[in-house]
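Coordinates in review
Here is how the chains run, residue by residue.
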Amino acid sequence: MLKKLKQKFILITLSLLSVVFLAALIGISIFQMQQLTNDSYQLLEEMTGDPGGLRFRPRIDHAHSGGGQVVLPTFGVEVDPEGNILSSYVENVDISEEVLTAAISQALAAKNEKGRISGLHLFFFKRQWQPDTIRIAFGDYQHSLSSLYALIQTFLLVGGLVLLAFWRISIFLANMALAPVEAAWNKQRQFLADASHELKTPLTVILTNLGILAANPQKTIAEQNRWIENSSAEALRMKELVEQMLFLAKSDTSQLPVVKESVDFSDLVMGSILTMESLAFERDLRFQDEIAADIRLTGNAAQLTQLLHILLDNACKYSFPGSTIGVKLWTEKKSARLSVVSHGTVIAASDLPKLFDRFYRADSSRVRETGGYGLGLAIAASIAAAHHGRISAISRAETGTVFTVQLPME
C-alpha cells in the first residue's frame, strides 16, 4: 500500500509540473511567434516606406542567433494597379517568375495592407506609394518558424532535464514525506502482532481450563475450583490488557480526555507513595522522598495518578531487594519536575530509546516473574504528552535507573 501511495505522490507531482511546463511552453511559443511576426511586418513596412526605394534590411533575431544579425529573406516589387511589375528587388532570394506573379496577385487581392500567403509561406506588406504605384514587400515566414522551432527545442531539452532532476527529487521527497507514515504503519502492524501474541496465552489457558472442566462433569465446583480461579485470573489479565490498548488507541487519535482542573501534584505524589508502600515492603524496598509542597498543575488528576503508579510500580518490580527508591519533586523554570530513581539491573543504552515503545520490555527474562505487558511506560508517555509534558530515562550503574517527568505548572 505504501509503495502505491509513494508512486501516486510522484506521479501527481510530476503531472502538475508537466502541466505547468507545457502551459509555459505554449505561452512562450505564442508570445515569441507574435513577436517574430510583428518584427517581420515592421521590417517589410520599413522597406515599402524607404524614399530610396526597396532594399534589403537585416533583422535582429535574438532567439535564433544569440544576439547577431540574421538575414530575413525578403524581396519587393513596385507594381501598377493592374499588377504589372514596374521595378523589383530580389537580389537576396532565389524566386521564380511564376511564384513572384502568384505572390503579387494574392497580395493585391487581399483586403488588408499586410498578411500571410499560406500556400507560398510568405508575409507581405503593401503600400500605395503613388497614385499609379503600389509597393509590396515580401518575407519568408519559414525563417521565423525556424527561429521559433530552435527556441522550442532548447526549451524542451532544458525542460526534459528539469523533469528528470525533479523525478529524482520527487523520489527523495516522497521517501521523506512518507517516512513517518511508514513508521506509524509498521508500529501499528507490530502493535497488532504483539497484542495478538499477548492475548493468545490467556485465551489458551482459559480454553484449556474449560476443556478440563468439560471432561470431568461429575466433579464438584469445589474439586475443580483451581481451574475456575485460574480462568478468572487470566480473564482479568485480558481485561487489563484490553483497557490499556483502548487507552493508547484514544491517545493516538487525540481522544484522550484531559480535564482542565487545578491539581495539587505534591499531594498526588505523596498519596501514590503511600499507596505503593505495602508493595515495596513485600519486596524489601523502602521509599526515600523529597517532595516540594504546593506544586499545582492544570490537568487530569486520575491520569496523573496513573502515571505516578506506573513509574512507582516499575521501580518496585525492577529494584534489587533491600535497595531504596528515591522520589523527588521540585520546580524549575515554571515546570514541575519529578524523578523516580531505582537500583536494579542497568538498562543498556541501546534499549533506553525503546522503553516507551508498546510491548517493549528490556529484561525479557523477567517477564513472567514481574508480569505486565510492556504497555505501562507507553501509557505514561501518552499521559505526559497529553499534559504538554515529556518523560525521559537514563540508566547507569553509579546512579541507578532514573525516570524524569517534566510538566508545565499553572
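Quick caveat: nothing in here was measured; it's all calculated off a predicted structure.

1. Some words on the packing of aromatic side chains
Applying the stated criterion to the full structure yields four aromatic pairs. Ring geometry for Tyr-41 and Phe-123: centres 5.2 Å apart, planes at 65 degrees, overall edge-to-face. Within this pair, whereas Tyr-41 is found in helix H1 (residues 2–48), its partner Phe-123 is found in strand E6 (residues 122–130), the two being separated by 82 residues in sequence. In this structure, Tyr-41 and Phe-123 share a single accessibility class: buried. The interplanar angle of 20 degrees and the centroid separation of 4.9 Å between the aromatic rings of Phe-75 and Phe-138 together place this pair among those described as stacked. Taken together, the residues Phe-75 in strand E3 (residues 74–79) and Phe-138 in strand E7 (residues 133–140) connect sequence positions 63 residues apart. A cation sits over an aromatic face here: Arg-135 above Trp-129, 3.8 Å from the ring centre. Sitting above the plane of the Trp-330 ring, Lys-328 keeps its charged end 5.0 Å from the centroid.

2. Examining the sheet that holds E6
Strand order across the open sheet formed by five strands is E4-E3-E7-E6-E5, with antiparallel pairing between neighbours. Pairing within the sheet leaves two strands with one partner each, and these edge strands are strand E4 (85–89) and strand E5 (114–117). Along the sheet, successive strands turn relative to each other by an average axial angle of 25 degrees, direction set aside. Strand direction decides the pairing type here: E6 and E7, joined by eight bridges, are antiparallel. Within E7, the position partnered with Gln-128 by the bridge is Ile-134. Against the sheet, helix H3 (residues 97–109) touches E3, E4, E5, E6 and E7, its axis set at about 115 degrees to E7.

3. With respect to the sheet that holds strand E14 (residues 400–408)
Paired through their backbone hydrogen bonds, the strands of a sheet run either parallel or antiparallel. Read across the sheet, five strands follow the order E9-E11-E12-E14-E13 without closing on themselves; strand pairing throughout is mixed. At either end of the open sheet lies a strand with only one pairing partner, and these are strand E9 (286–291) and strand E13 (390–396). Taken pair by pair, the neighbouring strands of this sheet meet at an average axis angle of 15 degrees, ignoring direction. Strand direction decides the pairing type here: strand E12 (residues 335–342) and E14, joined by eight bridges, are antiparallel. Across the sheet, Ala-336 pairs through a bridge with Leu-407, a residue of E14. Its contacts with the sheet place helix H6 (residues 265–282) against E9, strand E11 (324–332), E12 and E14, and it is angled at close to 175 degrees to E9.

Scoring rules and cut-offs
Residues numbered from 1 in each chain as written. Predicted model: local features only at pLDDT ≥ 70, side-chain atom pairs only at ≥ 80, totals over all residues. Heavy atoms only, no water. Phe/Tyr/Trp six-rings, centres within 6.5 Å; stacked < 30°, edge-to-face > 60°. Helix = DSSP H or I, 4+ residues; strand = E, 2+ residues; numbered from the N terminus. Buried < 20%, exposed > 50% of the residue type's maximum accessible area, 1.4 Å probe, protein only. Lys NZ or Arg CZ within 6 Å of the ring centre and 35° of its normal. Pairing = 2+ DSSP bridges. Axes fitted to C-alpha atoms, helices over the stretch in contact; angles between N-to-C directions. Contact = heavy atoms within 4.5 Å.

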